[in-house]
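Listed below are the residues making up each chain.
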Amino acid sequence: MMLEVRDLTAGYGHLRVLRGLSLDVPEGGVVALLGGNGAGKTTTMHVLAGLLAASGGHIRFRGESIRGLTSNRIFARGMTLVAQSRQLFPEMTVRENLEMGALVARTRREIAKLTDEVFDLFPRLLERVDNRAASLSGGEQQMLATGRALMSRPSLLLLDEPTTGLAPIIVHELGRILRRLNEGGLTILVVEQNVQMALKLADTVYVMRNGAVVMHAPASEVQDSAEMFRSYLS
Amino acid sequence: MVNLLTLLVAGLANGSLYALVALGLVLIYKTQDVVNFAHGEILMAGAFIGFSAYTFLHLPYGWSLVAAVLLGGLLGAVIERVAFRRVANQHHITLAMVTVGLSVLMKGLARIPFGRDINTYPPAFKADRVVLWGIPISPQHLLTIAMAASLAVALYLFFRFTALGKKMRATQQTIVGAQLVGINTGNVFASTWALAAMIGAAAGVLAAPLSLLYPDMGTNFLLKGFAAAVLGGFESVPGAIVGGFIVGVVEMLFGGFVSTVFQQVSAFFIIILVLFLKPDGLFGRRALARV
Amino acid sequence: MKRYRILPTSALALCAALALMGARAAPAAAEEGVTADTIRVGMFGPLTGPVSIYGYPINDGALAVYKATNDAGGINGRKIEVIQEDDACDPAKSRAAVKKLISRDHVFAIHGGSCSGATFATRDTMIDEEVPFMVMAATLDKISLPVNRYVYTTTPPGTSDGAEIVRFIRSMPNVKRVGIVRHVDEWANAKMESINASLEQPGLTVVANEVLDRNATDATTQVLHLKAAKPDVVIFVTYPAEGAVFLRDARKYDLAGPFIGTNGVTDLLDLAQRAGGLNAATDVYATAFVAGPVGSPAMAASTALLKKYYPDDRPQSVSFYGMSGAYAVVDALRRAGPNLTRKAFLDALESTKNLPAGPAFCKINITPENHQGCLAQQMWTLRDGKIVALGETWSPTNPTN
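Residues numbered from 1 in each chain as written. Chains lettered and ligands numbered in written order. Predicted model: local features only at pLDDT ≥ 70, side-chain atom pairs only at ≥ 80, totals over all residues. Heavy atoms only, no water.

### Examining the overall build of chain C
No. 1: If you tally the helices and strands in chain C, you get 14 helices and 14 strands.
No. 2: Radius of gyration (C-alpha) of chain C: 24 Å, near the 21 Å computed for a compact globule of 401 residues.
No. 3: Taking the principal axes of its C-alpha atoms as reference, chain C extends roughly 80 × 60 × 40 Å.
No. 4: Counting every position in chain C, which comprises 401 residues, the buried fraction comes to 58%.
No. 5: Here the analysis covers contacts within chain C between residues at least 6 apart in sequence; of these, 71% occur between residues at least 24 apart.
No. 6: Carbon and sulfur atoms form 56% of the exposed surface of chain C, whose accessible area is close to 16200 Å². (Helix = DSSP H or I, 4+ residues; strand = E, 2+ residues; numbered from the N terminus. Rg over C-alpha atoms; globule rule 2.2 N^0.38 Å. Buried < 20%, exposed > 50% of the residue type's maximum accessible area, 1.4 Å probe, protein only. Contact = heavy atoms within 4.5 Å. Areas by Shrake-Rupley, 256 points an atom, 1.4 Å probe, with all protein chains shown as cover.)

What follows is the structure, given as structure tokens:
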């Protein structure tokens, strides 16, 4: 198992957001995490990436406990988050942003190779390679954030609502690229509000409500009963 | 009539000190979003470290400067780790109050060993002055100008080409983004404080022979450096340098051609004028949201 | 309901008032601050804050005199007990310090105050509370003027210092054009008041009048303005640090003296060192309140006294500023007799005559009409790396230049 989460609790001050969340992400799989607003999806991602401390429970990544590790340690172990707010370096160019994503890669040559791979995936970024990140469109920014995360060659990619606010054609394109990455061996945990997209992409879906998982099932099983599924999300 | 060139040279000499102080303020502000009101005391601490190394330990002049810079840097890192990291996520007013508290604390601590006397920090060179193209200038001032200029270049190269420099830039732009690419932001904060404090300590050693050495010596320099930083937009390293030089020169021209009565406050006219006419400063991109 | 509440409250207030009145009336038997074997004296000064650099040495000098008096057997069988408070050179704090000394420590008299503003702020309290007050080292004239039964000083006030400076300049030959560089604060303004007044009389013209701010680290513009005005003599009314900055830049831009300073820069050697060596302090003069430079025979006895009680203090001119007042207090306490009351003490103070002032140049003379006990100063300068006392006027026998 790539990632095992058991009875995870977390919150902000007195506000408890996660109340005993458990989920599994198998190696090579794509798992989608669904849920309405305030269910705790983004909080889950922040805890997993080490941006927010858990108050209880266990997180095992490739067999080792990572709960309590700082974000840079978790990153170094191969788990990288693409945040919903993207968190690009606005004053840096597209190339500089990508290079910052490869801090674990030591040599110039490695960085050049990784950058080329990202440009292969997202040719659009190559066109804007010397533009500042702040000047990119929403879709381009999402591509850059994803590309930057890939620069570290993660074994588990966390994506927090990658399609929010993007044009349908770009959503489609992004879905295609993520599938291609998964076929190349990348394990993905994605938070989505776009149920259609999530069901197309994922092997397994988890539905969250009030900080815990209320159901999970193979995507193929819920494919046909999408109406029932939506009721959980309302 | 007062000689314009003489005033300009004296202004640049003083301005280079203000520029160094402004640099330290800007570095902390960019990373931690707070004006470090204790920066004047870091300058003072650097001066006293250099002074102690030179007079009590009898280190050569150059080495006492190195000692001041290194120990000053260590002091900066310790301040970040001990006093700042726990509260780093608090409101910026809280952070500013922490720096004010640090300022008072450091002055108080300095008064214990050094509070009973005003000490004299010997200048780096024996000669009182040299005359260049008919303009008298002290070697100490030449050294200060050279230090400010070379530090500006060194910092540019540091941020452009070193891994730590890039990590600092990344953290300045978005802390969460920096964490997401695996940067240990705690280390970056500590390094930034260390770097700012090293520049502050160097400024202290350079300023002390001009200003004399006492626990409250930092206040005046902090105010001038603050004016320089505001002028430069508070977010810009080149802005801090240019701002420093401008404040120094304006002060001299004001005193020379208008009146010495308002010379010292002319720096504050500059602050008010800048905030009124161009709140982003001469080099600022973003508005000065917090001071 | 509410109406009846008033009664017990006002009764309580009445009782409290009566109790207070009783408390005030009761100790008539013994004078405030005096017991069979002690006299309690309050002291205040800047023990914290930037000016604590002067606060400790000044107070320590006075304390040494009191300790020596005690060690010699005290006064009429009583030992002097000093209670020190900090005023941080801040008027609000000095008022609080004095109120505490009076109402909580019940001191007999107060000897303190080295910052003009902070000391002046306590004058009304001293007078209202009828506590004898000897000013320590503050020089502002209006602290001790107009004359009041309770307020005394043995430090030359600012105006007399300023007058002394102009008197000296007038005694110099061929001096007509005067340049001035000065601070703008109460200390400097008091001196400037009398300097300006004395300069108004014919013979001297002010050709430049420059402001140098406190904590200034550069005096380029001031020096250049003075140089352009071609003065025959320059008066600098600054503190030592800024005075050093001024002399350093004067040398840098070839502004020639003579430079005349106030008794704030009496320590000419110190001033020279700060300005970058003896070369920077050629042709520099300053008024001096003390009898001789630190280390000179005139100061030997006082220096030994300070060293005995405060071996860690570096003897400097300010170390001796508090002693003259202490000698005046001790002398008056002694003459007030064993039956010590404030009235007897004040009467004794007002009849102080030709009292040696320890390290001070003057003899202390206080009358009911004059409470500024010490007005005489002398002029010092540097010759061959040593401070030389020139007396009160310039004279051809004193080699200048």
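### Things to note about the arrangement of the chains
No. 1: The structure contains 2 pairs of chains in contact, of which chains B and C account for the largest number of contacts.
No. 2: Nothing in chain A touches chain C, and the closest approach of their C-alpha atoms is 39 Å.

### Notes on unusual backbone geometry
No. 1: In the segment running from leucine 145 of chain C into proline 146 of chain C, the intervening peptide bond is cis, with an omega of -5°.
No. 2: On the secondary structure map, proline 146 of chain C appears in the loop between α6 (141-144) and β5 (151-153).
No. 3: Here glutamine 87 of chain A, not a glycine, exhibits a phi torsion of approximately 50°, which is positive.
No. 4: By secondary structure assignment, the location of glutamine 87 of chain A is in the loop between β6 (79-82) and α3 (94-100).

### Section: the domain arrangement of chain C
Residues and elements named next belong to chain C.
No. 1: Split into domains, chain C comes out as domain 1 (38-156 + 297-370) and domain 2 (159-288 + 379-391).
No. 2: Each of domain 1 and domain 2 has a C-alpha centre, and these two points are 29 Å apart.
No. 3: In total, about 950 Å² of surface goes out of reach between domain 1 and domain 2, with carbon and sulfur atoms giving 40% of it.
No. 4: It is Thr139, Asp141 and Ser317 that lose the most area in domain 1 upon contact with domain 2, and together they represent 37% of the buried surface on that side.
No. 5: Counting across the domain 1 and domain 2 interface gives 1 salt bridge.
No. 6: Linking lysine 142 and glutamate 186 is a salt bridge whose minimum nitrogen-to-oxygen distance equals 4.0 Å.
No. 7: Taken together, domain 1 and domain 2 are joined by 3 residue pairs in polar contact (both at pLDDT 80 or more).
No. 8: When residues of the side of domain 1 that touches domain 2 are traced back to their parent elements, those giving at least two are α4 (116-120) and α6. (Domains from an automatic or database assignment. Buried area = accessible area lost by both parts, 1.4 Å probe. Salt bridge = Lys/Arg side-chain N within 4 Å of Asp/Glu carboxyl O. Polar contact = N/O pair within 3.5 Å; in protein donor to acceptor, adjacent residues only side chain to side chain.)

### Details of the state of the cysteines
Residue and element names in this part refer to chain C.
No. 1: Going through the model one piece at a time under the given rule, you end up with 2 disulfides over all chains.
No. 2: Covalent S-S linkage joins cysteine 89 and cysteine 115, the inter-sulfur distance amounting to 1.9 Å. Because the sign of the S-S torsion sets the handedness, a value of about -115° for the bond joining cysteine 89 and cysteine 115 places this disulfide among the left-handed ones. Placement of the pair is cysteine 89 in the loop between β2 (79-86) and α3 (91-103) and cysteine 115 in the loop between β3 (109-112) and α4, with a sequence separation of 26 residues.
No. 3: Residue pairing for cysteine 362: its cysteine sulfur links by disulfide to cysteine 374, the two sulfurs lying 1.7 Å apart. Looking down the S-S bond of the cysteine 362 and cysteine 374 bridge, the torsion is -105°, so its handedness is left-handed. Of this pair, cysteine 362 sits in the loop between β11 (355-356) and β12 (363-364) while cysteine 374 sits in the loop between β12 and β13 (378-383), placing them 12 residues apart in sequence. Taken as a pair, cysteine 362 and cysteine 374 share a single burial class, namely buried.
No. 4: For chain C, the disulfide bridges join cysteines in the arrangement 1-2, 3-4, where the cysteines are counted in sequence order. (Disulfide = S-S within 2.5 Å.)

### Focus: the interface of chain C and chain B
No. 1: Taken together, the contacts link 31 residues of chain C with 32 residues of chain B.
No. 2: Across the chain C/chain B interface, buried area totals approximately 2900 Å², and carbon plus sulfur atoms make up 52% of it.
No. 3: Among the residues of chain C in contact with chain B, Ile53, Lys252 and Arg274 of chain C are the three that bury the most area, contributing 22% of the side total.
No. 4: Taken together, the links from chain C to chain B amount to 0 salt bridges.
No. 5: At the junction of chain C with chain B, the criterion picks out 7 residue pairs in polar contact (both at pLDDT 80 or more).

### Points about the interface of chain A and chain B
Accessible area lost during the coming together of the parts is what is often quoted as the interface size.
No. 1: Each partner contributes residues to the interface: chain A has 18 residues there, and chain B has 17 residues.
No. 2: At the boundary of chain A with chain B, total buried surface from both sides reaches about 1600 Å², with 63% on carbon and sulfur atoms.
No. 3: Applying the counting rule to chain A against chain B returns 2 salt bridges.
No. 4: Mapped onto the side of chain A that touches chain B, the elements with two or more residues apiece are α2 (71-77), β6 and α3 of chain A.
No. 5: If you tally residues by element for the side of chain A that touches chain B, the top one is α2 of chain A, at 3 residues.
No. 6: Residue classes in the side of chain A that touches chain B are distributed as 10 nonpolar, 5 polar and 3 charged. (Nonpolar A, V, L, I, M, F, W, Y, C, P; charged D, E, K, R; others polar.)

### Points about the pattern of salt bridges
Residue and element names in this part refer to chain C.
No. 1: All chains considered together, the criterion is met by 27 salt bridges over all chains.
No. 2: Note that arginine 149 and glutamate 350 form a salt bridge whose closest N and O atoms lie 3.0 Å from each other. On the criterion of sequence distance, the pair formed by arginine 149 in the loop between α6 and β5 and glutamate 350 in the loop between α14 (342-349) and β11 is long-range, its members being 201 residues apart.
No. 3: Here arginine 149 falls in the partly exposed class, since its relative accessible area comes to 27%.

### Some thoughts on the sheet that holds strand β2 (residues 15-25) of chain A
Residue and element names in this part refer to chain A.
No. 1: Strands sit in the order β2-β1-β4-β5 across an open sheet of 4 strands; the sheet is antiparallel. Edge positions in the sheet fall to β2 and β5 (64-65), since each has one partner strand and no second.
No. 2: Note: strand β1 (residues 3-12) against β2, 8 bridges, orientation antiparallel. Looking at β2, one finds that threonine 9 is bridged to arginine 19. (Pairing = 2+ DSSP bridges.)

### Points about the environment of alanine 241 of chain C
No. 1: Counting through the fold element by element, alanine 241 of chain C comes out in helix α10 (residues 240-252).
No. 2: Judged by relative accessible area, which is 11%, alanine 241 of chain C ranks as buried.
No. 3: On a C-alpha basis, the gap between alanine 241 of chain C and leucine 305 of chain C in space is 28 Å, while along the polypeptide they are 64 residues apart.
No. 4: Those residues within four positions of alanine 241 of chain C in sequence are excluded, and the remaining contacts are Ile118 and Leu212 of chain B together with Arg274 of chain C.

### Points about the confidence of the model for chain C
All names here are of chain C.
No. 1: Mean pLDDT over chain C stands at 85; residues scoring 70 or higher make up 90%.
No. 2: The low-confidence segment residues 1-29 (pLDDT under 50) makes 0 contacts with residues lying over four places distant or belonging to another chain.
No. 3: Across the predicted assembly, pTM comes out at 0.78 and ipTM at 0.91. (pLDDT = per-residue confidence, 0-100.)

### Structural notes on the packing of aromatic side chains
No. 1: Summed over the entire model, instances satisfying the criterion amount to 16 aromatic pairs over all chains.
No. 2: Among the aromatic residues, those joined into a cluster by ring pairs are Phe51, Tyr54, Phe56, Tyr61 and Tyr121 of chain B.
No. 3: Directly above the ring of phenylalanine 89 of chain A sits arginine 148 of chain A, whose terminal nitrogen or CZ lies 4.8 Å from the centroid.
No. 4: Across the ring face of phenylalanine 120 of chain C, the terminal group of lysine 142 of chain C is positioned such that the distance to the ring centre comes to 4.6 Å. (Phe/Tyr/Trp six-rings, centres within 6.5 Å; stacked < 30°, edge-to-face > 60°. Lys NZ or Arg CZ within 6 Å of the ring centre and 35° of its normal.)

### Description of the side chain of serine 302 of chain C
All names here are of chain C.
No. 1: Relative to the helices and strands, serine 302 resides in helix α12 (residues 300-309).
No. 2: Residue classification places serine 302 among the buried positions, given a relative accessible area of 6%.
No. 3: Contact partners of serine 302, with chain neighbours within four places excluded, come to Phe320, Met323, Gly358 and Pro359.

### Concerning the packing of helix α7 (residues 158-170) of chain C against helix α8 (residues 186-200) of chain C
Residues and elements named next belong to chain C.
No. 1: Relative orientation of the contacting elements α7 and α8 amounts to 40°, with a least axis distance of 7 Å. Judged by the twist between their axes, the crossing of α7 over α8 is right-handed. Residue-level contacts link Gly158, Thr159, Asp161, Gly162, Ala163, Ile165, Val166 and Arg170 of α7 to Ala190, Lys191, Ser194, Ile195, Ser198 and Leu199 of α8.
No. 2: Here the contact of α7 with α8 is built from residues that sort into 6 nonpolar, 5 polar and 3 charged. (Axes fitted to C-alpha atoms, helices over the stretch in contact; angles between N-to-C directions. Left-handed = near helix turned anticlockwise from the far one by under 90°.)

### Comments concerning the pairing of β6 of chain A
All names here are of chain A.
No. 1: In β6, alternate side chains face the same way, and those of Met79 and Leu81 on one face and Thr80 and Val82 on the other are all buried.
No. 2: Pairing of β6 with strand β7 (residues 156-160), which is carried by 4 bridges, proceeds in the parallel orientation. Within β7, the residue paired with valine 82 across the bridge is leucine 159.

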